[in-house]
Amino acid sequence: MKKIISAGLAAILAASALSTAAFAEDFTVTATSTLAKPAIKVTMPKSMAFVFNPYGLTVDLKGKVTTEQQKDGDTVLNNAVVVPSYQYDTTTAGKGWKVDNQSGAVLKAAIYAYAINADSAEFKVFDEGDTTNAKDTDATKILAVTIKATGVSSTATTVKMQNAELAADTTIWKEANKASGGTAFKVDQFTAEKPLYVTMSGKIFNKDKLTWAETDVANINFIFSFDFADSQTVS
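Residues numbered from 1 in each chain as written. Predicted model: local features only at pLDDT ≥ 70, side-chain atom pairs only at ≥ 80, totals over all residues. Heavy atoms only, no water.

1. A look at the overall build of the protein
A tally of helices and strands in the protein yields one helix and 13 strands. When the helices and strands of the protein are read in sequence order from the N terminus, they spell out α-β-β-β-β-β-β-β-β-β-β-β-β-β. A total of 235 residues make up the protein; the buried ones form 37% of that total. For the protein, contacts bridging at least 24 residues in sequence account for 72% of all contacts bridging at least 6. Surface exposure of the protein reaches about 14900 Å², of which carbon and sulfur atoms provide 53%. (Helix = DSSP H or I, 4+ residues; strand = E, 2+ residues; numbered from the N terminus. Buried < 20%, exposed > 50% of the residue type's maximum accessible area, 1.4 Å probe, protein only. Contact = heavy atoms within 4.5 Å. Areas by Shrake-Rupley, 256 points an atom, 1.4 Å probe, with all protein chains shown as cover.)

2. Thoughts on the layout of surface pockets
Considered as a void within the structure, the largest pocket measures approximately 390 Å³ in volume. Taken together, 17 residues make up the lining of the largest pocket; nearest its centre are V51, F52, N53, P54 and D216. Here the lining of the largest pocket is composed, by residue class, of twelve nonpolar, two polar and three charged. (1 Å grid on protein atoms, 1.4 Å probe; cavity = no way out; pocket = protein on both sides within 12 Å on 5 of 7 lines; lining within 4 Å. Points joined across faces, edges and corners; volume = space filled by probe spheres on them. Nonpolar A, V, L, I, M, F, W, Y, C, P; charged D, E, K, R; others polar.)

3. Notes on the sheet that holds strand β13 (residues 221-228)
In space, the three strands of this open sheet follow the order β11-β7-β13, with antiparallel pairing throughout. If you trace the sheet from one side to the other, it starts and ends with β11 (185-190) and β13, each paired once. Adjacent strand axes in the sheet meet at a mean angle of 20° when their direction is disregarded. Here four bridges tie strand β7 (residues 107-114) to β11, and the two strands are oriented antiparallel to one another. Counted as the bridge partner of I111 is F185 from β11. (Pairing = 2+ DSSP bridges. Axes fitted to C-alpha atoms, helices over the stretch in contact; angles between N-to-C directions.)

4. Concerning the nonpolar core
Of all hydrophobic cores here, the largest spans 34 residues; its most connected members are V125, L143, I147, L196 and I220. Every element with two or more residues in this core is listed here: β2 (50-52), β6 (97-101), β7, β8 (123-127), β9 (141-150), β11, β12 (196-205) and β13. Aside from chain neighbours lying at most four places away, what touches L143 is F50, F52, V81, V82, F123, K124, V125, F126, G202, K203 and I204. With seven residues, the next largest nonpolar core counts A110, Y112, I172 and A184 among its residues. (Core = buried A, V, L, I, M, F, W, Y, C linked by side-chain atoms within 4.5 Å.)

5. With respect to the environment of M48
For M48, the position within the fold is in the loop between β1 (42-43) and β2. For M48, a relative accessible area of 27% gives the class partly exposed. Spatially, the C-alpha atoms of M48 and I220 are 9.3 Å apart, while their sequence positions differ by 172 residues.

6. A closer look at the side chain of K124
With respect to the secondary-structure elements, K124 resides in strand β8. Not counting chain neighbours up to four residues away, the residues in contact with K124 comprise N117, A118, D119, T140, K141, I142 and L143.

7. Regarding the environment of W173
Tracing the chain through its elements places W173 in the loop between β10 (157-158) and β11. Through-space distance from the C-alpha of W173 to that of I111 is 9.0 Å; in sequence the pair is 62 residues apart.

8. As for the packing of aromatic side chains
Inspection of the entire model under this criterion finds nine aromatic pairs. Taking 6.2 Å as the distance between ring centres and 15° as the angle between the ring planes, the aromatic pair formed by F224 and F226 counts as stacked. Grouping residues by exposure puts F224 and F226 together as buried. Joined through ring pairs, the aromatic side chains of Y86, W97, F190, F222, F224 and F226 make up one cluster. (Phe/Tyr/Trp six-rings, centres within 6.5 Å; stacked < 30°, edge-to-face > 60°.)

9. A few points about a nonpolar patch on the surface
There is a patch of nonpolar side chains on the surface, built from Y55, L57 and V65 and spanning about 290 Å² of accessible area. Looking at where Y55 falls in the secondary structure, it is placed in the loop between β2 and β3 (70-71). (Patch = residues over 30% accessible without salt bridge, like charges linked within 9 Å, V, L, I, M, F, W, Y side chains within 5 Å. Salt bridge = Lys/Arg side-chain N within 4 Å of Asp/Glu carboxyl O.)

10. Focus: the confidence of the model for the protein
In the predicted model, the protein carries a mean pLDDT of 81, and 75% of its residues have values of at least 70. Averaged pLDDT values for the elements of the protein fall to 52 in β3 and rise to 96 in β1. (pLDDT = per-residue confidence, 0-100.)

11. A few points about the environment of N117
Position of N117 relative to the elements: it lies in the loop between β7 and β8. With relative accessibility at 19%, the residue N117 sits in the buried group. Aside from chain neighbours lying at most four places away, what touches N117 is F123, K124, V125, F126 and N163. A distance of 2.6 Å separates the side chain of N117 from the backbone oxygen of V125, its partner in a polar contact. (Polar contact = N/O pair within 3.5 Å; in protein donor to acceptor, adjacent residues only side chain to side chain.)

Here is the structure:
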């Protein structure tokens, strides 16, 4: 009889051992993420040159005056006041100086354009929208320029050219520069399929009052800054 009871107890203990295995300790496993963030990679134009043509002559990109209607059989010469180099770059189809986006993500751009005019200069460069200076009626020779930038949106951003150089430590995404009051202008989105294009045109004021000289040349400085677009969905 004792042997039977012992066997029964052993069976109960074995069953208890099997049932307690379901209440083992909890285990915590942490899944660690890696941020997939592409590098910003853009290709800028090799040059951003233009011919200043105040007399509206037929010229090529080197400023050579000619009566020919075409150059090299396919490039039409220009008689505009400002003849930008991209007009002879068939890869851009005349859309403007091209900034390619090779980042694999949608980018945005901030652009600051400026020209420094000496107080004593007879020839000055202003933004065409600067009605205070660009349409000055004194004896100063004036080139008034219009700069525009386009990306994904077909609506162009007007990049107002300013007459103040930014401080070296200025981040142009912060719109106002405390030193100059300058403002950067933004293009919200540009992609590999729809690059960033910058165009420039110009008008002359006081052109009938003065004779233009070879020293009447202009340098317009561009500062570009790029970042990932606020929304990676192309609108």
